[in-house]
Amino acid sequence: MNIKEITAKIMNEIDEATQKVDEDVLIKVFSTIHNGNRIFFHANGRSMLTIKYFAQRLMHQGYRVFIVGDVATPAIKPGDVLVMVSACGEEANLIAAAETVQKIGDIKLILVTANEASTLAKKADIVVKLNTPIPGSAEDTSIQPIGSQFEQAVLYVMDVGMSHYFMDRLGITLTPGENPLHANLQ
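Caption draft 1: Quick look at the side chain of Asp159. Relative to the elements of secondary structure, Asp159 occurs in helix α6 (residues 148–170). Given a relative accessible area of 3%, Asp159 falls into the buried group. The contacts of Asp159, once residues within four sequence positions are left out, are Tyr53, Phe54, Arg57, Val154 and His164.

Now the structure itself:
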């Protein structure tokens, strides 16, 4: 296969992974985040990279966002929202964070996953199920490196789709160079 053929096959994989996401669940994600006090994001590895796109877009729209693990991230408190990304939903550190949230109470947990039967999914208030196989499973037939199909689906659904939905619903227009929340230190 040449590069254009590989790219076309990958785009088809992304399309299949994103088109079957439950729209009603995504609307609940919008409502939960919009009504939350502060929004925290947690994931591991490349999944963290993909969800940081969405976190930054929300910050540009005026939401108070924090990335778990950054040195300036405060303690999570009642009224906050925790968005987690985990393809398999079984990472020990994410499960421990979900248990901490449950102990504190009154914190909404949103999980973006490929495994709606996972330990994390059972602890989540809202589960965004992406139509991708669990990376490394027997069903994982993607031509891409392990996990890439899931990560790209996260990027397209959460960053591209959700951030534009937020802007449309809230009447926000972000003209390049005119957003006072864009970074201004070099």
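Caption draft 2: Focus on the packing of aromatic side chains. Inspection of the entire model under this criterion finds 6 aromatic pairs. Judged by centre distance (6.0 Å) and plane angle (70°), the rings of Phe54 and Phe166 are edge-to-face. Pair noted here: Phe54 is in helix α3 (residues 45–60) and Phe166 is in helix α6, with a separation of 112 residues, a long-range link. Here Phe54 matches Phe166 in class, with each residue buried. Look at Tyr63 and Phe166: their rings are 5.6 Å apart centre to centre, the planes differ by 85°, and that puts the pair in the edge-to-face class. Placement of the pair is Tyr63 in the loop between α3 and β2 (65–67) and Phe166 in helix α6, with a sequence separation of 103 residues. A relative accessible area of 0% places Phe166 in the buried class.

Caption draft 3: Main features of helix α1 (residues 3–19). Spanning 17 residues, α1 covers 24 Å between terminal C-alpha atoms, matching the ideal 24 Å at 1.5 Å per step. Among all positions in α1, only Ile10, Glu13, Ile14, Ala17 and Thr18 are buried. Within α1, the buried residues cover an arc of 120° as seen down the axis, which keeps them to one side. In α1, the exposed positions angled more than 90 degrees off the buried face are occupied by Lys4, Glu16 and Gln19.

Caption draft 4: Molecular detail of the sheet that holds strand β3 (residues 81–85). Across the sheet, 5 strands lie side by side as β2-β1-β3-β4-β5; this open sheet has parallel pairing. At either margin of the open sheet sits one strand with a lone partner, and together these are β2 and β5 (126–129). Going across the sheet, the axis of each strand differs from the next one's by a mean of 20°, ignoring polarity. α3 contacts β1 (39–43), β2 and β3 of the sheet and is inclined by roughly 165° relative to β1.

Thresholds applied
- Residues numbered from 1 in each chain as written.
- Predicted model: local features only at pLDDT ≥ 70, side-chain atom pairs only at ≥ 80, totals over all residues.
- Heavy atoms only, no water.
- Helix = DSSP H or I, 4+ residues; strand = E, 2+ residues; numbered from the N terminus.
- Buried < 20%, exposed > 50% of the residue type's maximum accessible area, 1.4 Å probe, protein only.
- Contact = heavy atoms within 4.5 Å.
- Phe/Tyr/Trp six-rings, centres within 6.5 Å; stacked < 30°, edge-to-face > 60°.
- Expected span 1.5 Å × (residues − 1).
- Arc of directions from axis to C-beta.
- Pairing = 2+ DSSP bridges.
- Axes fitted to C-alpha atoms, helices over the stretch in contact; angles between N-to-C directions.

None of the figures reported here should be taken as evidence of function without further support.
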